[in-house]
Amino acid sequence: MTADDSYGRLDDDDYPAYTMGRAADMLGTTPGFLRALGDARLINPLRSAGGHRRYSRYQLRVAARARELVDQGTPIEAACRIIVLEDQLEEAHRINAEHRRTAEVKPTAAA
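On a predicted model such as this, the values are computed, not experimentally measured, just so you know. (Residues numbered from 1 in each chain as written. Predicted model: local features only at pLDDT ≥ 70, side-chain atom pairs only at ≥ 80, totals over all residues. Heavy atoms only, no water.)

Novice: Hey, could you run me through the pattern of salt bridges in this one?
Specialist: Side chains that differ in sign of charge can pair as their charged atoms come close. Applying the stated rule across the entire model yields 7 salt bridges. Salt-bridge contacts for arginine 57 lead to aspartate 13; the nearest nitrogen and oxygen are separated by 3.3 Å. Here the residue arginine 57 occupies a position in helix H4 (residues 57-71), and aspartate 13 occupies one in the loop between helix H1 (3-7) and strand S1 (18-19), the gap between them amounting to 44 residues. When the shortest N-O distance is used, the salt bridge between arginine 65 and glutamate 68 registers 2.6 Å. Taken together, the positions of arginine 65 and glutamate 68, both in helix H4 and 3 residues apart, correspond to about one turn of that helix. (Salt bridge = Lys/Arg side-chain N within 4 Å of Asp/Glu carboxyl O. Helix = DSSP H or I, 4+ residues; strand = E, 2+ residues; numbered from the N terminus.)

Okay, structure coming up:
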């Protein structure tokens, strides 16, 4: 991918645009905190050709939520589990809403 190609991807939430140092600075945390989130498998940063971790905006939002919970006194492992459960709940709500919309649109069978 050339530099010109990557400019169009900057709006992509999943594009790994941020180095570990930049991500840590943006979150006001340490690279060790980001490594701990990776060790807990909450986020899985892409690796550059040189093996350096690269983070997406989506991953930064997840890390920010983890930091918020940890700052409130939640152990990092528990914070990671809470975030996973929050994501699962959000997905379940989305699926339920989709099923409701589908059920409303379905024509009823004539008796």
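Novice: Just to check I follow, could you spell out H4 for this structure?
Specialist: An α-helical turn contains 3.6 residues, so a residue and the one three or four places further along point in the same direction. The end-to-end C-alpha distance of H4 is 21 Å, a good match for the 21 Å that 15 residues give at a rise of 1.5 Å each. Considered for burial, the residues of H4 that qualify are Gln59, Leu60, Val62, Ala63, Ala66 and Leu69. Close packing links the buried residues of H4 with S1, helix H2 (20-27), helix H3 (31-39), strand S3 (53-55) and helix H5 (76-105). Looking one or two residues beyond H4, the residue adopting positive phi is glycine 73, at roughly 105 degrees. (Expected span 1.5 Å × (residues − 1). Buried < 20%, exposed > 50% of the residue type's maximum accessible area, 1.4 Å probe, protein only. Contact = heavy atoms within 4.5 Å.)

Novice: I'm lost on the sheet that holds S3 in this one. Help?
Specialist: Ordered by their spatial adjacency, 3 strands build an open sheet running S1-S3-S2, and the pairing between neighbours is antiparallel. The open sheet has two edge strands with one neighbour each: S1 and strand S2 (46-47). Note that S1 and S3 share 2 bridges and pair antiparallel. Within S3, the position partnered with threonine 19 by the bridge is arginine 54. Against the sheet, H4 contacts S1 and S3, and its axis sits at roughly 85 degrees relative to S3. (Pairing = 2+ DSSP bridges. Axes fitted to C-alpha atoms, helices over the stretch in contact; angles between N-to-C directions.)

Novice: Whenever I open this one, the nonpolar core confuses me. Can you help?
Specialist: Soluble globular proteins: nonpolar side chains tend toward being buried together. Counting residues in each nonpolar core, the largest one holds 18 residues, and the members touching the most others are Leu34, Leu37, Leu42, Ile43 and Tyr55. Listed by contribution, the elements that provide at least two residues to this core are H2, H3, H4 and H5. Sort the elements by how many residues they give to this core and H4 lands first, with 5 residues. The contact partners of tyrosine 55, leaving out residues within four places of it in the chain, are Tyr15, Pro16, Ala17, Tyr18, Thr19, Met20, Ala23, Leu34, Ile43, Pro45 and Leu60. (Core = buried A, V, L, I, M, F, W, Y, C linked by side-chain atoms within 4.5 Å.)

Novice: Would you mind going over the environment of glutamate 68 with me for this structure?
Specialist: Assessed through its relative accessible area of 40%, glutamate 68 is described here as partly exposed. Each C-alpha atom, one on glutamate 68 and one on alanine 79, is 8.9 Å from the other, the two residues being 11 residues apart in sequence. Among the polar contacts made by the side chain of glutamate 68, one reaches the side chain of arginine 65 at a distance of 2.6 Å. (Polar contact = N/O pair within 3.5 Å; in protein donor to acceptor, adjacent residues only side chain to side chain.)

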